[in-house]
Amino acid sequence: MARFKQRGFKLSIDDYGTGYSSLAQLKRLPVHEHKIDKSFVQKLAIDSDDAIIVKSTLELAHNMGLSVVAEGIEDIESLRWLEKAKCNLAQGYFISRPKPANELYELLAQESIEFAE
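Please read all numbers here as calculations on a predicted model, not as lab measurements.

Peer 1: What's the story with the environment of Val69 in this structure? I'm lost.
Peer 2: The residue Val69 is located in strand β3 (residues 67-70) in this model. Judged by relative accessible area, which is 5%, Val69 ranks as buried. In this structure, the C-alpha to C-alpha distance between Val69 and Ala90, residues 21 residues apart in sequence, is 5.4 Å. Look past the residues within four positions of Val69 in its chain and what remains in contact with it is Glu33, His34, Lys35, Ile36, Cys87, Leu89 and Gln91.

Peer 1: How should the pairing of β3 be read in this particular structure?
Peer 2: Walk down a regular strand and you will see the side chains alternate between the two sheet faces. Alignment of strand β2 (residues 33-36) against β3, held across 4 bridges, turns out to be parallel. Among the inter-strand pairings, Glu33 is bridged to a residue of β3, identified as Ser67. By the bridge criterion, 2 bridges tie β3 to strand β4 (residues 89-90) in an arrangement that is parallel. Bridge pairing in β4 places Val69 opposite Leu89. Read from β3 through helix α5 (residues 76-84) to β4, the crossover connection turns out right-handed.

Peer 1: What is the right way to read α5 from this model?
Peer 2: Each turn of an α-helix holds 3.6 residues, which means side chains three or four residues apart point in the same direction. With a side-chain oxygen positioned 3.2 Å from the backbone nitrogen of Glu77, the residue opening α5 is Asp75. Lys86 occupies a position one or two residues after α5 and carries a positive phi of about 70 degrees.

Peer 1: Mind showing me how you'd approach unusual backbone geometry here?
Peer 2: Trans is the common state for peptide bonds, and a negative phi is the common state for residues other than glycine. Of note, Lys86 is a non-glycine position whose phi angle comes to about 70 degrees, a positive value. Its location among the elements puts Lys86 in the loop between α5 and β4.

Peer 1: Would you mind showing me how to read the packing of aromatic side chains here?
Peer 2: Aromatic ring pairs are defined here through the distance separating the ring centres and the angle between the ring planes. Enumeration over the complete set of coordinates arrives at 1 aromatic pair. The lysine or arginine in question, Arg97, covers the ring of Tyr93, its NZ or CZ lying 4.0 Å from the ring centre.

Peer 1: It is not clear to me how a nonpolar patch on the surface should be interpreted in this structure. Could you clarify?
Peer 2: On the surface, Leu104, Leu107 and Leu108 cluster together into a nonpolar patch covering about 240 Å² of accessible area. Mapped onto the secondary structure, Leu108 falls in helix α6 (residues 101-116).

What counts, and where the lines are drawn
- Residues numbered from 1 in each chain as written.
- Predicted model: local features only at pLDDT ≥ 70, side-chain atom pairs only at ≥ 80, totals over all residues.
- Heavy atoms only, no water.
- Helix = DSSP H or I, 4+ residues; strand = E, 2+ residues; numbered from the N terminus.
- Buried < 20%, exposed > 50% of the residue type's maximum accessible area, 1.4 Å probe, protein only.
- Contact = heavy atoms within 4.5 Å.
- Pairing = 2+ DSSP bridges.
- Right-handed = clockwise from strand over helix to strand, strands pointing away.
- Polar contact = N/O pair within 3.5 Å; in protein donor to acceptor, adjacent residues only side chain to side chain.
- Phe/Tyr/Trp six-rings, centres within 6.5 Å; stacked < 30°, edge-to-face > 60°.
- Lys NZ or Arg CZ within 6 Å of the ring centre and 35° of its normal.
- Patch = residues over 30% accessible without salt bridge, like charges linked within 9 Å, V, L, I, M, F, W, Y side chains within 5 Å.
- Areas by Shrake-Rupley, 256 points an atom, 1.4 Å probe, with all protein chains shown as cover.
- Salt bridge = Lys/Arg side-chain N within 4 Å of Asp/Glu carboxyl O.

Take a look at the structure:
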């Protein structure tokens, strides 16, 4: 993994906080980005325990120089909460359902036009 990083690849830890992930792995792995699992994000706006986990995970990752992606955003409340908490990137059905490549190109082209105006 270190060789990939040296060659300019961006590496992410996916599903952090579930399964076999640990703080020891987070410290040891040469990664750029940390992904917060959707199981912590989906009820973020209404579950105080999930909010504490996500907030502390964001702070930890940022303090380690990592950018953070929140997975599984399915409502505006969660997106706003994450924005306020300074989450770097967001993904989920609220933002967009998966799309075939040709539709994605059209969407990105339209977004480019809107931002330019």
